[in-house]
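# Observations on the model geometry
Single-letter residue listing:
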Amino acid sequence: MKTFLTSLGLAALTSVAGMAQAADDLTLQLKWVTQAQFAGYYVAQDKGFYGDEDLNVTIKPGGPDIAPTQVIAGGGADVTVEWMPAALSAREKGLPLVNIAQPFKSSGMMLVCLKETGVTGPADFPGRTLGVWFFGNEFPFLSWMSQLGIPTTGGADGVTVLKQGFNVDPLLQKQADCISTMTYNEYGQVLDAGITEDQLITFKYEDQGVATLEDGLYVLEEKLDDPAEVDKLARFVRASMKGWKWAEQNPEEAAMIVLDNDATGAQTEKHQIRMMGEVAKLTAGSNGALDPADFERTVQSLLSGGSDPVISKHPGDGAWTHVISDAALK
């Protein structure tokens, strides 16, 4: 009986210890498919940075039919990676999204045109067909056109908007004069198709003064009312930023970690290594905390949409917080 009770006691203690050591679950919804755009999170998982923070993180890839804002609204994720224009638009429509961290300091968005079209600057856009991504990615473009005073309804004085798939076919097939690309992704696809850089003219949104913040981390406001959730989110941001800085310093290995997590097998080593090198330029300079000046620049860009702005009023300081990043940086 004594042996039985001793065994029972040890089993109970083991159970309690196991419960005490149980990691906190957290689900992250990515904006797009598994690729080096999200390397920091995969690195944090692979290198045990999340485990060091007592976190069990599930990373859910996105895709053309997945809207991150809808996923988090439906309870399918605790945190989502989203572009600020889409997040602020969703917030104005009633989804209380809050930016808790901003790993990406710079924008990678560009409009790329074939020189043979005769486009040399924004003044040449009227009368042209421009490829634009939708599903929330159109907001920076629409804001830019509004600031230029160029209608997006076609005609000689406006631009014809081609709803672009997430590929570069409209440029290659001459269906559009210019297309949307990211420095770290589609631009490389254009080059891989045999078009040289000197055959292209590029317009970086950063250079045009209309860059908006991309790939921030967002949660629903209610998460910030729970001290336990705040603590969990701070640990998540701390580990994620550790992953991002490691990826910046070790781009090739980070790309291989991404490839190991690509269940589709669609990504290639060459493309992911190049992508990681470009993404590292965008995360450089960020410690995870949102720069209020970058937030204001994004808001003002979105507000300056003429008769059809992306957002109709300033979202206020409640759209972002330093509570999580401040705790993460301690």
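The structure reproduced in this document is the subject of the present report.

Procedures and definitions
- Residues numbered from 1 in each chain as written.
- Predicted model: local features only at pLDDT ≥ 70, side-chain atom pairs only at ≥ 80, totals over all residues.
- Heavy atoms only, no water.
- Pairing = 2+ DSSP bridges.
- Helix = DSSP H or I, 4+ residues; strand = E, 2+ residues; numbered from the N terminus.
- Axes fitted to C-alpha atoms, helices over the stretch in contact; angles between N-to-C directions.
- Contact = heavy atoms within 4.5 Å.
- Salt bridge = Lys/Arg side-chain N within 4 Å of Asp/Glu carboxyl O.
- Buried < 20%, exposed > 50% of the residue type's maximum accessible area, 1.4 Å probe, protein only.
- Disulfide = S-S within 2.5 Å.
- Core = buried A, V, L, I, M, F, W, Y, C linked by side-chain atoms within 4.5 Å.
- Domains from an automatic or database assignment.

### Brief notes about the sheet that holds strand S1 (residues 24-29)
The strand order across the open sheet formed by 5 strands is S2-S1-S3-S10-S4, and the pairing between neighbours is mixed. In the strand order of this sheet, the two ends are held by strand S2 (55-60) and strand S4 (97-101), each with one partner. Strand-to-strand twist of the sheet, defined as the mean angle between neighbouring strand axes without regard to direction, takes the value 35°. Here S1 runs beside S2; their pairing, made up of 6 bridges, is parallel. Paired with Asp25 across the strands is Asn56, a residue of S2. Relative to the sheet, helix H5 (residues 84-92) contacts strand S3 (79-82), S4 and strand S10 (216-220), its axis offset from that of S4 by approximately 145°.

### A look at the pattern of salt bridges
Applying the stated criterion to the full structure yields 17 salt bridges. Asp192 is paired through a salt bridge with Arg274; the nearest N and O atoms lie 2.7 Å apart. With Asp192 in helix H8 (residues 186-192) and Arg274 in helix H11 (residues 269-283), the pair connects residues that are 82 residues apart, well separated along the chain. Taking the relative accessible area as the measure of exposure, Arg274 reaches 28% and is therefore partly exposed.

### Some points on the state of the cysteines
This model, assessed by the stated rule, comprises 1 disulfide. Each sulfur of the disulfide joining Cys113 and Cys178 lies 2.1 Å from the other. Judged by the sign of its S-S torsion, about 105°, the bond between Cys113 and Cys178 is right-handed. Taken as a pair, Cys113 in strand S5 (residues 109-114) and Cys178 in strand S8 (residues 178-182) lie far apart in primary sequence, 65 residues in all. Each member of the pair, Cys113 together with Cys178, is buried.

### Focus on the nonpolar core
By size, the foremost hydrophobic cluster in this structure holds 66 residues, and its most contacted members are Tyr41, Phe125, Leu217, Phe236, Val237 and Met276. Among the elements that line this core, the one with the most residues is helix H9 (residues 227-249), at 10 residues. Two domains each donate at least three residues to this core, and these are domain 1 (24-105 + 213-329) and domain 2 (109-208). The contacts of Val237, once residues within four sequence positions are left out, are Ile100, Ala101, Leu217, Ile324 and Ala328. Leu95, Leu97, Phe295 and Trp320 belong to the second-largest nonpolar core, a separate cluster that totals 20 residues.

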